[in-house]
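Examination of the molecular architecture
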There are 2 protein chains.
Amino acid sequence: MEKDQYYMNLALQEAKKGRYQTWKNPMVGAVVVKDDHILATGHHIHYGKSHAERDAISKLTPEQLFNSTLYVTLEPCNHYGKQPPCSDLIIQSKLKRVVIAQVDPHKLVTGKGIAKLRAHGIEVNTGILEKEAEELNQFYSFFYQNNRPWITVKQAVSLDYRVNCQSQTCTAITNQTVYDRVHQERADYQAILIGSNTALVDNPSLLTSVKTDYPPIRIILDRRGRLFNQQELKLLTDQQAPTWIFTQSPELIKMSTPKNVRIFPMRTNQLAEVMGTLTQEGIQSVYVEGGPTVAKTFVNEHLANYLIEYLSPNLLGKNGDLGLLANHPVTLKNVQIEQLADNLRIAGEINV
Amino acid sequence: MEKDQYYMNLALQEAKKGRYQTWKNPMVGAVVVKDDHILATGHHIHYGKSHAERDAISKLTPEQLFNSTLYVTLEPCNHYGKQPPCSDLIIQSKLKRVVIAQVDPHKLVTGKGIAKLRAHGIEVNTGILEKEAEELNQFYSFFYQNNRPWITVKQAVSLDYRVNCQSQTCTAITNQTVYDRVHQERADYQAILIGSNTALVDNPSLLTSVKTDYPPIRIILDRRGRLFNQQELKLLTDQQAPTWIFTQSPELIKMSTPKNVRIFPMRTNQLAEVMGTLTQEGIQSVYVEGGPTVAKTFVNEHLANYLIEYLSPNLLGKNGDLGLLANHPVTLKNVQIEQLADNLRIAGEINV
């Protein structure tokens, strides 16, 4: 049992090597062990490339693989996606035992890979470092368990909860360390979401500083079509990442845009419709970057899973706009507090 | 020079032994040195008792004192207060040299003690660890330099800057660690100030957990006389510390109270008048504990020197009252951030 944990922990470390490159796929790591010797390690390197099991197994000869044990952080797949099923490869390779951390939450594969392996006489153990594996792909797990994206609401405020000095002007509340952190943090999410007001007032590009083939999609909620004829905005011109606009405006729907920009016509003005579309599009995680009205809506409609508040130790005074004001009290769980120079990052889970 | 700093640092450590007991007097420490040997140390133990110089000198014989050097954190006094002047004692004791950290900011003594010593042929050096000595008695120094009390504004808020869940109800926003810290912190100030609303809604006792003969005076701003016929309030009944009420209400002015309660009739409704009275009464430091309206007034009138914000990582929602809203932006200096379990203490100086 202790040995199983040791090898699984190694597989978890392997998995992390795929960070920022597996996109909609989970990070997965694998270790092949025989007679207490590690024969090979592997991980899912990139979306569309080999799964972790294949990555490890491909490094070994049939003799080495025979009667060996595979440690893998996620249940091996049993369906044809961009890759042939790993379960078949394991069976063909004549492995004796497979140790799995997390059963795949994805409806297409959950339990099926395990059943197939067992049907072919392979011993399967599950649940070793399950919690750690689930946390590794927290958003992936959440998405497939709940059939909606994980929503993180982020706001930057002053000590007196202002998001700016004065309405309608763009101000940096927080320091350079926070700026850098946010630009890195964005890469953890598949999409970044803002309202049309933030798009117009701040003209942000919402890019990440992390080198990744899958920069987060920039989503703008623009029900009324305020972005119509605002083609000079960075989000519409820079072509550095996809930009998706949700709107009810017929003019905006017809507006011609570069090919990285997609316009999603909305039938209703409900956030539920947006969430439904994002789910259909397979967006597993969204980083809501403001402003307060958009942030508030996610909290009030019980769609926000996590809150990150960057705090600057200043009072901006009564003329600034307030941060999100929820309709109901919200208690944060597993609160993490971090000091970033003289600013703070306070984050915690919201009971949804 | 290095030796001077070493002995002065020792004197500073000595001074701190008087913490919480010197009341309106500064903490002062003294060390007597001859031929590189420490002969005696002393400190101002208690308001009304021996000064640090006398405490140290009284432990030595005339032979020991002759030609010795005295290190003292504050300029020796040259006037009769509750004690005879220390300058005379030093001259009588035939000391050779006196090293002083801070020149006394008190108008009655500043520079006079030094002049008297020099006039009697004693070598005097000043400015050794001056900054450290000034910080030790920060409020005392501020009071005598600026002729008004040092004002610290403290508030306890949620992540969304609420001071309560719902108007007119008393709620603990922050955790037990913060509660304990505040009860200790109160002892650093000579007075605690609240508005009548806090007195009526919270019915606080505003005591400190620190054992001291000089618990802070509880001050209530009650211009309109809302405390009239509220004699059951702890502040009016517990007799655990003095209670001062500032009011314009004729009824309240005439109300009979226990002898620990003083009523100060106000001629105007201005905070400046309160500050003037506190200055006359020799109150060097005030800890403003609420609520937001009172706190705001001190900040807006540029009377607040320091802000302490205790922060709880929850959203209390839009129905709660907001913390202080300043009329102008306020940048904090020398910000100190401290984690108290899952709560935070964020504090900094206000540029006044």
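Only a predicted model underlies this, so the values are computations on that prediction, with no experimental measurement involved.

1. Points about the interface of chain B and chain A
Taken together, the 31 residues of chain B in the interface contact 31 residues of chain A. Of all residues in chain B, the largest losses of buried area upon contact with chain A belong to Leu159, Leu315 and Ile337 of chain B, amounting jointly to 24% of the total for that side. Here chain B is connected to chain A by zero salt bridges. Where chain B packs against chain A, one counts eight residue pairs in polar contact (both at pLDDT 80 or more). Listing elements by their share of the side of chain B that touches chain A, those giving two or more residues are strand E12 (306–312), strand E13 (314–315), strand E14 (330–340) and strand E15 (343–350) of chain B. Split by residue class, the side of chain B that touches chain A holds 18 nonpolar, eight polar and five charged. Direction of pairing for strand E13 (residues 314–315) of chain A relative to E14 of chain B: antiparallel, over a ladder of two bridges. Across the sheet, residue Asn314 of chain A finds its bridge partner in E14 of chain B, namely Thr331 of chain B.

2. Notes on the domain arrangement of chain A
All names here are of chain A. For chain A, the assigned domains read domain 1 (1–139) and domain 2 (148–350). Each of domain 1 and domain 2 has a C-alpha centre, and these two points are 35 Å apart. Counting from both sides, the interface comprises nine residues of domain 1 and, opposite them, 15 residues of domain 2. Counting the surface lost from both domain 1 and domain 2, the interface buries some 1200 Å², and carbon and sulfur atoms represent 52% of this. Ranking the residues of domain 1 by area buried against domain 2 places Tyr20, Lys24 and Phe139 at the top, with a combined share of 59%. At the boundary of domain 1 with domain 2, the tally comes to one salt bridge. Across the pair Arg19 and Asp188 runs a salt bridge, and its minimum N-O distance is 2.7 Å. Our enumeration of links across domain 1 and domain 2 arrives at eight residue pairs in polar contact (both at pLDDT 80 or more).

Calculation criteria
- Residues numbered from 1 in each chain as written.
- Chains lettered and ligands numbered in written order.
- Predicted model: local features only at pLDDT ≥ 70, side-chain atom pairs only at ≥ 80, totals over all residues.
- Heavy atoms only, no water.
- Contact = heavy atoms within 4.5 Å.
- Buried area = accessible area lost by both parts, 1.4 Å probe.
- Salt bridge = Lys/Arg side-chain N within 4 Å of Asp/Glu carboxyl O.
- Polar contact = N/O pair within 3.5 Å; in protein donor to acceptor, adjacent residues only side chain to side chain.
- Helix = DSSP H or I, 4+ residues; strand = E, 2+ residues; numbered from the N terminus.
- Nonpolar A, V, L, I, M, F, W, Y, C, P; charged D, E, K, R; others polar.
- Pairing = 2+ DSSP bridges.
- Domains from an automatic or database assignment.

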